[in-house]
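# Inside the fold
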Amino acid sequence: MRKIIVLEHISMDGVIQAPGGPEEDTSDSFAYGGWIAPYSDATLGTALRKQMNSPFDLLVGRKTFEIWEPYWPQHADIWPGVNTATKYVASNTRTSSQWQPSVFLNGDIAEKVAKIKQQEGPDLHVWGSGNLIQTLIKHDLVDVFWLMIYPLTLGSGKRLFADGTIPAAFKVTESIVTPSGVIVVNYEHAGAIKTGS
């Protein structure tokens with residue numbers, strides 16, 4: 001069975017909106033786009049490259065796909081695997097793309113993703129895709145959260161864990177702290193929450 005791995009840049013207060021640049025996602029007047037830039041260092045770069053170079057297919061929302069679609073085909077030298085990976089795109093409006101291989105999913109996304117997880121193939125990496133992630137979390141489809149937690153709070157913006165998050169336990173299987181203070185941590189699903197008596 002394939003795992004769904006959510007890979008996110010996240011602030012201490014849980015915001016995942018527009019980490020890469022000022023124009024990435026300005027919805028709801030979000031004014032802090034590009035907030036990860038000051039924290040870039042070699043240790044973080046090495047951790048990112050390790051994830052980017054592992055075998056994967058992509059599972060992304062339409063907005064993330066449309067940001068990446070014109071960019072990555074022109075930058076194959078940075079991330080060769082993104083162009084050859086199958087890109088599963090959750091969208092009720094798109095049905096095709098020149099950026100191949102791409103498969104567009106509409107209707108009951110949770111049901112379709114659950115079926116894709118049962119197929120043979122590499123793990124499914126989810127980057128960005130805030131709305132899609134909420135659906136995946138709500139239906140308990142995420143196996144791993146690979147998070148880069150930045151030492152700042154943003155106060156507003158789209159959050160990783162929003163309404164509809166189901167209770168679940170996770171275990172840390174790997175973690176590092178970069179010189180710039182970013183905590184890179186791998187949380188694997190560990191079943192139900194256990195409480196004290």
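Everything below is about the structure printed above this text.
In short, a report on the structure.

Cut-offs and rules
- Residues numbered from 1 in each chain as written.
- Predicted model: local features only at pLDDT ≥ 70, side-chain atom pairs only at ≥ 80, totals over all residues.
- Heavy atoms only, no water.
- Helix = DSSP H or I, 4+ residues; strand = E, 2+ residues; numbered from the N terminus.
- Rg over C-alpha atoms; globule rule 2.2 N^0.38 Å.
- Buried < 20%, exposed > 50% of the residue type's maximum accessible area, 1.4 Å probe, protein only.
- Contact = heavy atoms within 4.5 Å.
- Lys, Arg positive; Asp, Glu negative; His and termini not counted.
- Charge placed at Lys NZ, Arg CZ, Asp CG, Glu CD.
- Core = buried A, V, L, I, M, F, W, Y, C linked by side-chain atoms within 4.5 Å.
- Phe/Tyr/Trp six-rings, centres within 6.5 Å; stacked < 30°, edge-to-face > 60°.
- Arc of directions from axis to C-beta.
- Polar contact = N/O pair within 3.5 Å; in protein donor to acceptor, adjacent residues only side chain to side chain.

## Some remarks on the overall build of the chain
Each helix and strand in the chain was counted, giving five helices and eight strands. Each helix (α) and strand (β) of the chain, taken in turn from the N terminus, gives the series β-α-β-α-α-β-β-α-β-α-β-β-β. Whereas a compact globule of 197 residues would reach a radius of gyration of roughly 16 Å, the chain reaches 16 Å, a difference of no more than 12%. With respect to the three principal axes, the spread of C-alpha positions in the chain is 45 × 40 × 35 Å. A total of 197 residues make up the chain; the buried ones form 46% of that total. A sequence separation of at least 24 residues applies to 69% of the contacts in the chain between residues at least 6 apart. Across the chain, 16 positive and 20 negative side-chain charges occur, with their mean positions spaced 4 Å apart.

## Topic: the nonpolar core
Core analysis: the biggest nonpolar cluster contains 33 residues, and Trp 68, Trp 79, Val 82, Trp 127, Trp 146, Met 148 and Tyr 150 have the highest contact counts within it. Listing elements by their share of this core, those giving two or more residues are strand 1 (4-11), helix 1 (42-52), strand 2 (57-61), helix 2 (62-68) and strand 6 (144-150). Excluding anything up to four places from it in sequence, Met 148 contacts Glu 8, His 9, Ile 10, Leu 44, Leu 48, Trp 127, Val 182, Ile 183 and Val 184. Counting 24 residues, the second-largest nonpolar core is a separate cluster that includes Leu 105, Leu 141, Leu 147 and Val 185.

## Digging into the packing of aromatic side chains
Scanning all chains against the criterion turns up 13 aromatic pairs. With 5.9 Å between their ring centres and 75 degrees between their planes, Phe 30 and Tyr 32 make a pair best called edge-to-face. The exposure class assigned to Phe 30 is buried, which follows from its relative accessible area of 6%. You can call Tyr 32 partly exposed: its relative accessible area is 46%. An angle of 75 degrees between the planes, with centres 6.1 Å apart, marks the rings of Trp 79 and Trp 127 as edge-to-face. Taken together, the positions of Trp 79 in the loop between helix 2 and helix 3 (80-84) and Trp 127 in strand 5 (residues 124-127) put the pair 48 residues apart, joining distant regions of the chain.

## Let's talk about helix 5 (residues 130-138)
Every buried residue of helix 5 is listed here: Leu 132, Ile 133, Gln 134, Leu 136 and Ile 137. Asp 140, located one to two residues past helix 5, shows a positive phi value of around 55 degrees.

## Quick look at helix 4 (residues 109-118)
For helix 4, the complete set of buried residues consists of Ile 109, Ala 110, Val 113, Ile 116 and Lys 117. One side of helix 4 carries all its buried residues, which in axial view fall inside an arc of 120 degrees. Those residues of helix 4 that are exposed and aimed more than 90 degrees away from the buried face are Lys 115 and Gln 118. Those residues of helix 4 that are buried are in contact with strand 1, strand 2, strand 3 (87-90), strand 4 (102-105), strand 5 and helix 5. At the N-terminal end of helix 4, a side-chain oxygen is found 3.4 Å from the backbone nitrogen of Ala 110, two or three residues along, and the residue is Asp 108.

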